[in-house]
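Structural description and commentary
Next come the chains, spelled out residue by residue.
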Amino acid sequence: MVSTLVVGIDAATWDILEGLLDAGDLPHLASLRSDGTHGTLTSTRPPMTPQAWTSMVTGVNPGKHGIFDFRTQDPETYEVRPVDATDRRFPTLWDVFDHADRSSGVVNLPVSHPAPSNTSFFVAGFPASVDDDIVAPQAAANHLPDDYRIEPTVDPDDDPAAYLEAVEALMSVRTDLTLSLLDAYDPELCWTVFMGVDWVQHYLWNDQIDGERAVHRAYRHVDAQLGRLLEAIDDDVNVLVVSDHGFREIDGEIHLNSVLESLGELRRYDADDDTGAFATFATAALAAIERFPDSVEHSIKAAVKRAAPASLLRRSEQAAGLTGQRYLHERVEWSATRAFSYGSMGRVFLNRASRYRDGTIEEADYESVRASLAADLEGVIHPETGDQVFEAATPGEEVYTGGSTDAAPDLLLTPTDWRYMIYGGFGDEWLHPPEKRYADHAPAGIFLAAGPDIAAGTCDASVYDVAPTVLALHDLPLVEGMDGAPLTSMLRGIDVSGKTVAPDAIRDELSHGPTDRSTDPDNDVEDRLEDLGYL
């Protein structure tokens, strides 16, 4: 019988919620707030989906669990590839439950495929697709509708109203799936995630649809889905609502490798990427393809990729601005480069000889080079306003600790007031106004909890505290090395005894046989990241 329900609302922020709650537009979230506890849930640094959700289900920082971004890099080849759950290096909540012969079920958790086999049910989320290994056990796939999707296919620029409807439909399907699986398997813990608010905030932040702000409508819809879940469970269930990060409007987009290039820290083989007339060709061709229905568009793209020479595709895609990271290893003259970026949200890597095949920085010079670069980056100013663009360039070891810090950035940039989105790629200009996404992540997420074991009041927390708190609610041991702790101030009648279990004692369902780890730039995961604006 379910005793804890965790509902994730990706990117939910009090900045939007407060006004809607005051207006009475979110009755189910309002009920949880009045009956239980609520506060700010501080995200990871940076506040990024893959590392934040993974930190939430493990209770540790990325330096211990190993997921820093949607991508990771091979130091020998400099190639960048998508991550998946096999990159995770620390036990999760469901691993602890399984170790204690207790049941759990998960729906739509980001960066969690291949689905593990040690839960009652598991349906992985973005950036996987339905063609990946997202469901376990296999029988659980019978609960997915035939047209089940993880992300919307409508382009928000082409038809904002249709995009919002598609996002709402996906959230409703996610509720249908969760309720169906709960009815069939009835696990002790259920964790389900809604991504729709994140997408609508990215693309439709200021859009009005039928006289209503699109973002407000998305919040009202997810509140209705929460209501459906609450109606289906008993009154004695503890309910937690969490978001992996907050959100805010942005002033511009930064292409970090272009910044580093302008500082003389990075050199491309050809700053123009030898694209020439391919720019016109690629832009026109892609625009024509995108006018077709979604299913036809994907078929055409797939056919072109099969038929065209790889060199032609690469040059055409580069010209269209799509491959700042996919072909990073081919575009950069590594023997003349000291610093570079990949992924998102301000991660800078130094080309150290001790780590990289063509490293240019010796260990004796590392600290001085890093300090000088940090000062240069903090000195970057907006070309029009003269404002400081990066308020801090922080050494990676001040943010991350643990056995996986070898993959951590050497410097982590914090944009001033989180007003800029930062890509680890190149652009015609290093800074430009928002072009597709008009808002981006901020550190302050939301936390609400109510139920028989939850005291009323307020309680601020971090994403690292969620897993320990859920374990405490179920009288299960914490995993040694967790960075978070149970939120004892809100737990009513719960004995937090300090029981622990060693990470190595817990069965790791994903330690055997990783999924396809191809660095092929035509990888489908990269396509989905690109389609949703992560490149």
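As a starting point, this report considers the structure included with it. Quick caveat: nothing in here was measured; it's all calculated off a predicted structure.

**Quick word on the side chain of R174**
Along the chain, R174 falls in helix α6 (residues 160–185). Despite its burial, R174 remains without a salt bridge, the nearest opposite charge being carried by E151 at 7.4 Å. Reaching out from R174, the side chain makes a polar contact with the backbone oxygen of R149 at a distance of 2.8 Å. Sequence-distant contacts of R174, defined by excluding residues within four places in its chain, comprise V107, N108, Y148, R149, I150, V193 and F194.

**Section: a negative patch on the surface**
On the surface, a cluster of negative charge is made up of D183, D186, D234, D235 and D236. Along the chain, D235 falls in the loop between α8 (214–232) and β11 (238–242). Owing to a relative accessible area of 78%, D235 belongs among the exposed residues under this scheme.

**Let's talk about the environment of A339**
Here A339 shows up in strand β14 (residues 339–341). You can call A339 buried: its relative accessible area is 1%. In the structure, A339 is positioned 75 residues away from G264 in sequence and 9.2 Å away in space, judged by C-alpha atoms. What A339 contacts, discounting residues up to four positions off in sequence, is L260, E265, L266, V348, F349, L350 and L373.

**What to know about the pattern of salt bridges**
Scanning the entire structure with this criterion turns up 23 salt bridges. We note a salt bridge from D251 to R419, for which the minimum N-O separation is 2.8 Å. A residue pair is termed long-range when its members are at least 10 positions apart, and D251 in the loop between β12 (246–249) and β13 (252–255) and R419 in the loop between β17 (411–415) and β18 (420–423) qualify at 168 residues. Among the residues examined, R419 registers a relative accessible area of 14% and is labelled buried. With its nearest N and O atoms 3.1 Å apart, the salt bridge here joins R357 to D358. When salt bridges with common partners are traced through the structure, they connect D69, R71 and R347 into a single cluster.

**Remarks on the sheet that holds strand β15 (residues 347–350)**
If you walk across this open sheet you meet the four strands as β14-β15-β17-β16, and the pairing is antiparallel. For this open sheet the edge positions go to β14 and β16 (390–395), each flanked by a neighbour on one side alone. Taken over all neighbouring pairs, the strand axes of this sheet differ in orientation by 25° on average, direction set aside. Here three bridges tie β14 to β15, and the two strands are oriented antiparallel to one another. Looking at β15, one finds that A339 is bridged to L350.

**Observations regarding the packing of aromatic side chains**
Applying the stated criterion across every chain yields a total of 13 aromatic pairs. On the basis of an interplanar angle of 50° and a centroid distance of 5.7 Å, the ring pair of F121 and Y185 is categorised as tilted. Taken together, the positions of F121 in strand β6 (residues 121–124) and Y185 in helix α6 put the pair 64 residues apart, joining distant regions of the chain. On the basis of relative accessibility, which here comes to 0%, the residue F121 falls in the buried class. Residue classification places Y185 among the partly exposed positions, given a relative accessible area of 27%. One aromatic cluster is present, formed by Y78, W334, F340, Y342, F349 and Y356 through successive ring pairs. A cation over an aromatic ring shows up here: R347 above the ring of Y342, its NZ or CZ 4.8 Å from the ring centre. The lysine or arginine in question, K436, covers the ring of Y203, its NZ or CZ lying 5.8 Å from the ring centre.

**Concerning the nonpolar core**
Of all hydrophobic cores here, the largest spans 107 residues; its most connected members are L29, I134, W191, Y219 and V241. With near-sequence residues (within four places) excluded, W191 lies in contact with V6, W53, M56, V57, L93, G105, V106, V107, L109 and V466.

**What to know about the environment of A115**
Checked against the element boundaries, A115 lands in the loop between β5 (104–109) and β6. Between the alpha carbons of A115 and P137 there is a distance of 8.4 Å; along the sequence they are 22 residues apart.

**Structural notes on unusual backbone geometry**
A cis amide bond links H113 with the next residue in sequence, P114, at an omega value of 5°. As for its placement among the helices and strands, P114 is situated in the loop between β5 and β6. A cis amide bond links F126 with the next residue in sequence, P127, at an omega value of 5°. As for its position among the elements, P127 is in the loop between β6 and β7 (135–136). For A11, which is not glycine, the phi dihedral falls at a positive 75°. Structurally, the position occupied by A11 is in the loop between β1 (4–9) and α1 (14–22). A positive phi is found at D210, a non-glycine position, where the angle reads about 55°. Within the secondary structure, D210 sits in the loop between β9 (208–209) and β10 (212–213). Assessed through its relative accessible area of 74%, D210 is described here as exposed.

Thresholds applied
Every chain is numbered on its own, with residues counted from 1 as its sequence reads. In keeping with the predicted nature of the model, local features appear solely for residues at pLDDT of at least 70, side-chain atom pairs appear and are counted solely at 80 or more, and the whole-chain, interface and lining totals rest on all residues. Remark: hydrogens and water are excluded; side-chain values derive from all non-hydrogen atoms of the structure. Only DSSP runs of H or I reaching four residues or more are called helices, and only runs of E reaching two or more are called strands; each is numbered from the N terminus. Relative accessibility under 20% of the residue-type maximum defines a buried residue, over 50% an exposed one, and the middle range a partly exposed one, all with a 1.4 Å probe and only protein chains included. The charge count includes Lys and Arg as positive and Asp and Glu as negative, but it does not include His or the ends of the chains. The term salt bridge refers to a side-chain nitrogen of Lys or Arg lying within 4 Å of a carboxyl oxygen of Asp or Glu. N or O atoms within 3.5 Å of each other form a polar contact, as long as, within protein, one can give a hydrogen and the other can take it, and as long as residues adjacent in sequence are counted only when both atoms are side-chain atoms. Contacts were defined at the residue level, with two residues in contact if any of their heavy atoms lie within 4.5 Å. A residue counts toward a patch only above 30% relative accessible area and without a salt bridge, and it is joined to like-charged neighbours within 9 Å or, for Val, Leu, Ile, Met, Phe, Trp and Tyr, to nonpolar neighbours within 5 Å. Using a 1.4 Å probe, the Shrake-Rupley method yields the accessible areas, and only the shown protein chains count as cover for residues. By convention, charge coordinates are those of NZ in Lys, CZ in Arg, CG in Asp, or CD in Glu. Pairing between strands is defined by DSSP: at least two bridges between the two strands are required. Axis geometry follows a simple rule: fit a line to the C-alpha atoms, using only the stretch in contact for helices, then measure angles between N-to-C directions, giving values from 0 to 180 degrees. Each Phe, Tyr or Trp ring, with Trp reduced to its six-membered ring, pairs with another whose centre is within 6.5 Å; inter-plane angles below 30 degrees give stacked pairs, above 60 give edge-to-face pairs, and intermediate values give tilted ones. Lysine and arginine charges are scored as sitting over a ring when NZ or CZ, respectively, is within 6 Å of the ring centre and within 35 degrees of the ring normal. Only buried residues count toward a nonpolar core. Its members are Ala, Val, Leu, Ile, Met, Phe, Trp, Tyr and Cys residues joined through side-chain atoms within 4.5 Å.

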